[in-house]
Amino acid sequence: MAPCRIVVLISGSGSNLQALIDAQDTPALPDTQITLVLSNRKAAYGLQRAQNANPPIPTDYLALQPYLKAHPGATRTDYDAEVARIVLAAQPDLVILAGWMHVLGDTFLEPLSAAKAPRGWSPVPVINLHPAMPGQFDGAHAIERQYAAFQEGKIPHGGAMVHRVIRDVDRGTPLLVREVPMKKDEPIEAFERRLHEMEWKIIVEGAAKALLEVHSLHSHTCLFAHDDS
């Protein structure tokens, strides 16, 4: 049986991508293969991580402003549609946004929702890793915002989640939610380190859960033998 194909979208250093690279085709993500890493930043170190993998993972790059400059009259929605085209060309069973710093609209989501994965199911699931609890600190700079909120006594702890991607930013149904403890007056770097360590775990667990949920509805998936005990 062919492995499940995962496409990962990144914007930065790719530490969450590295967790997925290390987990592919292991008991954590059996019979899986990352078939494309797409970045919207040319200098993203995650692209190098993909190239350093064994075997190397194909990469691509598409940034909004260079795309608009190269296509006079094009809009942000056209860019999102082109991202969808690139992603679907890699024939994914699952798409993971792992530090992808661009809000994708309907012209990205609708082609994925209508597409058939190589295993035959539809739609192709799209999940995102967000460093906050559900309903808190949607959008950018979530780590800094939840750190400040805790220090001001507004929240009891930090957290991170993996959720389904919908049009509303960071409001899709959570697949996994994990609390991250915080300490009064600790440096933000200490909290951020613990948070990232949690992210590296749940992005892999979230990917497995997304594929297992598909397996519960369709036969002949790549994770039929996955053990999540």
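Rules behind the numbers
- Residues numbered from 1 in each chain as written.
- Predicted model: local features only at pLDDT ≥ 70, side-chain atom pairs only at ≥ 80, totals over all residues.
- Heavy atoms only, no water.
- UniProt positions renumbered as here; feature names shortened; annotations may be inferred.
- Helix = DSSP H or I, 4+ residues; strand = E, 2+ residues; numbered from the N terminus.
- Rg over C-alpha atoms; globule rule 2.2 N^0.38 Å.
- Buried < 20%, exposed > 50% of the residue type's maximum accessible area, 1.4 Å probe, protein only.
- Areas by Shrake-Rupley, 256 points an atom, 1.4 Å probe, with all protein chains shown as cover.
- Lys, Arg positive; Asp, Glu negative; His and termini not counted.
- Charge placed at Lys NZ, Arg CZ, Asp CG, Glu CD.
- Pairing = 2+ DSSP bridges.
- Axes fitted to C-alpha atoms, helices over the stretch in contact; angles between N-to-C directions.
- Contact = heavy atoms within 4.5 Å.
- Parallel < 35°, antiparallel > 145°, perpendicular 65-115°, else oblique.
- Left-handed = near helix turned anticlockwise from the far one by under 90°.
- Nonpolar A, V, L, I, M, F, W, Y, C, P; charged D, E, K, R; others polar.
- Core = buried A, V, L, I, M, F, W, Y, C linked by side-chain atoms within 4.5 Å.

If you look the chain up in an unreviewed UniProt entry, it shows as Phosphoribosylglycinamide formyltransferase from Fistulina hepatica ATCC 64428. Database annotation for the chain, UniProt heading Pathway (unreviewed entry): "Purine metabolism; IMP biosynthesis via de novo pathway; N(2)-formyl-N(1)-(5-phospho-D-ribosyl)glycinamide from N(1)-(5-phospho-D-ribosyl)glycinamide (10-formyl THF route): step 1/1." As its UniProt record puts it under Catalytic activity (unreviewed entry), the chain is described as follows: "N(1)-(5-phospho-beta-D-ribosyl)glycinamide + (6R)-10-formyltetrahydrofolate = N(2)-formyl-N(1)-(5-phospho-beta-D-ribosyl)glycinamide + (6S)-5,6,7,8-tetrahydrofolate + H(+)".

Glancing now at the overall build of the chain. Per the secondary structure count, the chain includes seven helices and seven strands. A compact globule built from 229 residues would reach a C-alpha radius of gyration of about 17 Å, and the chain, at 18 Å, matches this within 12%. Based on the C-alpha atoms only, the size of the chain along its principal axes is roughly 50 × 50 × 30 Å. Here the chain holds 229 residues, and the buried ones make up 49% of them. If you sum the accessible surface of the chain, you get close to 11000 Å²; carbon and sulfur atoms cover 53% of it. Put simply, the chain has 21 plus and 26 minus side-chain charges, and the middle of one group is 3 Å from the middle of the other.

Our next topic: the sheet that holds strand 4 (residues 94-97). Spatially, seven strands are ordered 3-2-1-4-5-6-7 in an open sheet, and the strand pairing comes out mixed. Taken across any chain shown, the strands that pair with only one partner, and hence form the sheet edges, are strand 3 (59-61) and strand 7 (174-180). Strand-to-strand twist in this sheet, taken as the mean axis angle between neighbours without regard to direction, amounts to 20°. Pairing of strand 5 (residues 126-130) with strand 6 (residues 158-164), which is carried by four bridges, proceeds in the antiparallel orientation. Following the sheet pairing, His130 is matched in strand 6 by Met161.

On to the side chain of Thr35, then. Within the secondary structure, Thr35 sits in strand 2 (residues 32-39). Under the relative-accessibility criterion, Thr35 is labelled buried at 10%. If we skip the residues at most four places from it in the chain, Thr35 touches Arg5, Ile6, Val7, Ile57, Pro58 and Ala90.

Below, the discussion takes up the packing of helix 4 (residues 76-89) against helix 5 (residues 106-114). At a closest axis distance of 7 Å, the pairing of helix 4 and helix 5 adopts a crossing angle of 30°. Taken as axis vectors, helix 4 and helix 5 run roughly parallel relative to one another. The crossing of helix 4 and helix 5 is right-handed. Facing helix 4, whose interface residues are Thr77, Asp80, Ala81, Val83, Ala84, Val87 and Leu88, helix 5 presents Thr107, Phe108, Pro111 and Leu112. Residue composition of the contact of helix 4 with helix 5, by class: eight nonpolar, two polar and one charged.

This brings us to the pairing of strand 6. Within strand 6, six of the seven residues are buried, which leaves the element mostly enclosed by the surrounding structure. Here six bridges tie strand 6 to strand 7, and the two strands are oriented antiparallel to one another. When the bridges of strand 7 are listed, Gly158 appears paired with Val180.

This paragraph deals with the nonpolar core. Judged by nonpolar contacts, the single largest core of 72 residues is most densely connected at Leu9, Leu20, Ile34, Val83, Val87, Ile96 and Phe108. Beyond its immediate sequence surroundings of up to four residues, Phe108 is in contact with Asp80, Val83, Ala84, Val87 and Val126.

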